[in-house]
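Each chain, letter by letter, is given below.
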Amino acid sequence: MDSANVWLWFGLIGMLVGSFVIFVMTQLLRKEDQHHGYVALSITLIAATAYYALATHLGDFSFNGKTVQVARYADWVITTPLLLLGLLAVGLPTVLKLKNLNYRLGLILAILGLDIYMILTGFLAVLANSNNSYVWYAVSCGAFLAITLLLFSEVRNLSLHNGGKKVAALYMRLTYFLTVVWIFYPVVWFLGNDGTSTISYTTENALYAILDVTAKVGFGLLTISGILSLQRDIKPASGESTIDAAASRQ
Ligand code: RET
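Reference entry: report on the structure contained in this document. (Residues numbered from 1 in each chain as written. Predicted model: local features only at pLDDT ≥ 70, side-chain atom pairs only at ≥ 80, totals over all residues. Heavy atoms only, no water.)

**Observations regarding a nonpolar patch on the surface**
A surface patch of nonpolar side chains, amounting to about 630 Å² of accessible area, comprises Ile-13, Val-17, Phe-20, Val-21, Phe-23, Val-24 and Tyr-38. The residue Ile-13 is located in helix 1 (residues 3–27) in this model. (Patch = residues over 30% accessible without salt bridge, like charges linked within 9 Å, V, L, I, M, F, W, Y side chains within 5 Å. Areas by Shrake-Rupley, 256 points an atom, 1.4 Å probe, with all protein chains shown as cover. Salt bridge = Lys/Arg side-chain N within 4 Å of Asp/Glu carboxyl O. Helix = DSSP H or I, 4+ residues; strand = E, 2+ residues; numbered from the N terminus.)

**Details of the site of the ligand**
Within the structure, the ligand sits among 15 residues, and Ser-140, Trp-182, Tyr-185, Asp-212 and Lys-216 are positioned closest to it. Contact between the ligand and Asp-212: an oxygen atom at 3.2 Å from a side-chain N or O atom of the residue. Lys-216 places a side-chain nitrogen or oxygen 2.5 Å from an oxygen atom of the ligand. For the ligand, whose unbound accessible area comes to 540 Å², protein coverage reaches 100%. (Near = heavy atom within 4 Å. Polar contact = N/O pair within 3.5 Å; in protein donor to acceptor, adjacent residues only side chain to side chain.)

**Remarks on the packing of aromatic side chains**
Counted by the stated rule, this structure contains 14 aromatic pairs. One aromatic cluster is present, formed by Tyr-73, Trp-76, Phe-123, Tyr-185 and Tyr-208 through successive ring pairs. (Phe/Tyr/Trp six-rings, centres within 6.5 Å; stacked < 30°, edge-to-face > 60°.)

**Focus on the pairing of strand 2 (residues 66–69)**
When strand 1 (residues 60–63) meets strand 2, the two strands line up antiparallel, connected through four bridges. When the bridges of strand 2 are listed, Asp-60 appears paired with Gln-69. A loop of two residues connects strand 1 with strand 2, the two strands running antiparallel in sequence, and Asn-64 in this loop sits at a positive phi of about 50°. (Pairing = 2+ DSSP bridges.)

**Describing the pattern of salt bridges**
Following the criterion strictly, the structure yields seven salt bridges and no others. Between Asp-212 and Arg-72 there is a salt bridge, with its nearest N and O atoms 3.9 Å apart. One end of the pair, Asp-212, is in helix 7 (residues 201–234); the other, Arg-72, is in helix 3 (residues 70–91), and 140 residues separate them in sequence. With respect to class, Asp-212 is no different from Arg-72; both count as buried. Measuring nitrogen to oxygen at the nearest pair gives 3.2 Å for the salt bridge that ties Asp-75 to Lys-216. Linking Asp-75 in helix 3 with Lys-216 in helix 7, this pair joins segments that are 141 residues apart in sequence. The two residues Asp-75 and Lys-216 agree in class, both being buried. Connected via shared salt-bridge partners are Arg-30, Glu-32 and Asp-33. (Buried < 20%, exposed > 50% of the residue type's maximum accessible area, 1.4 Å probe, protein only.)

**Some remarks on the nonpolar core**
Among the nonpolar cores identified, the biggest contains 55 residues, and Leu-84, Ile-111, Leu-151, Val-155 and Trp-182 are the most heavily contacted of them. Contributing elements (two or more residues each) for this core: helix 2 (34–55), helix 3, helix 4 (101–127), helix 5 (130–182), helix 6 (184–191), helix 7 and helix 8 (242–248). At 16 residues, the largest contribution of residues to this core is made by helix 5. When neighbours within four sequence positions are excluded, Trp-182 is seen to be in contact with Thr-80, Leu-83, Leu-84, Asp-115, Met-118, Phe-144 and Ala-215. The next biggest cluster of nonpolar side chains, apart from the first, holds 13 residues, and it includes Leu-12, Ala-47, Ala-55 and Ala-71. (Core = buried A, V, L, I, M, F, W, Y, C linked by side-chain atoms within 4.5 Å. Contact = heavy atoms within 4.5 Å.)

**A short note on helix 6**
Because each turn of an α-helix spans 3.6 residues, side chains separated by three or four positions in sequence point in the same direction. Restricting attention to buried positions, one finds in helix 6 the residues Tyr-185, Pro-186, Val-188 and Trp-189. An end-on view of helix 6 places all buried positions within 160° of arc, on one side of the element. Contacts made by the buried residues of helix 6 are with helix 3, helix 4, helix 5 and helix 7. (Arc of directions from axis to C-beta.)

**Here's the deal with unusual backbone geometry**
For Asn-64, which is not glycine, the phi dihedral falls at a positive 50°. Relative to the helices and strands, Asn-64 resides in the loop between strand 1 and strand 2. For Asn-64, a relative accessible area of 61% gives the class exposed. In this structure, Ser-197 takes a positive phi of about 55° despite not being glycine. Here Ser-197 shows up in the loop between helix 6 and helix 7.

**A closer look at helix 2**
With 22 residues, helix 2 ought to run about 32 Å at 1.5 Å a step, and its terminal C-alpha atoms sit 31 Å apart, in line with that. Among the residues trailing helix 2, His-57 stands out with phi positive, at a value near 60°. (Expected span 1.5 Å × (residues − 1).)

**Observations concerning the side chain of Thr-179**
Along the chain, Thr-179 turns up in helix 5. Here Thr-179 is in contact with Thr-148 and Phe-152, once residues within four sequence places are set aside.

Rendered as structure tokens:
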């Protein structure tokens, strides 16, 4: 087994252990709140299968002298929208009530659309020749920037207006975590095999594996523990989710 592969198996084990811990933590949530845990669990389970494909080189191909890992982008194009949906399930509460419904649905669609576009244009940056590659890279970074701006402005304001101070505080904690972790992806890409080749293929795979486990397992656990402590504080009635209860009692 080559040394990059060690990190791919590490990623698989990290996602499986993470899934187990997330499943156990989800059982501590009330039924009305368990959807937060199950979104997180679906993300780590999908990633586990993606790491299995990566570790067994399913979908890898050689292109311009480098190895392209298709399974990585296939994973990201599915799981990054799910991560954002998990975040928006905290930040845009009572989405099914009529208040600002169109605005909220529009925001959700814009953020998810930009995210899918970010991953797909990032993949085009891998396939394009070296002159055009950085154009696609810049386009993908532009989409990332737009997502970040929407999360820190529009969604933040709505979470405060519709969810109240406590919901907005949890939303902001999750948003900071997500932004800080996600920002390393374009950096690793730039330094790695697809960009300047400053770091080795093994280091690139190691960094992505550590980032993926942090972005998925870490984010899931932070969400679940945030909901648990909000629930202790708010004491929602039965039938009412913690976020909805906090929003209606601000
Ligand atoms: C690429 C390269 C092109 C520029 C940008 C990128 C951003 C990728 C991101 C990926 C996030 C992945 C996550 C995976 C979870 O496990 C495609 C690397 C901006 C932000 C969170």
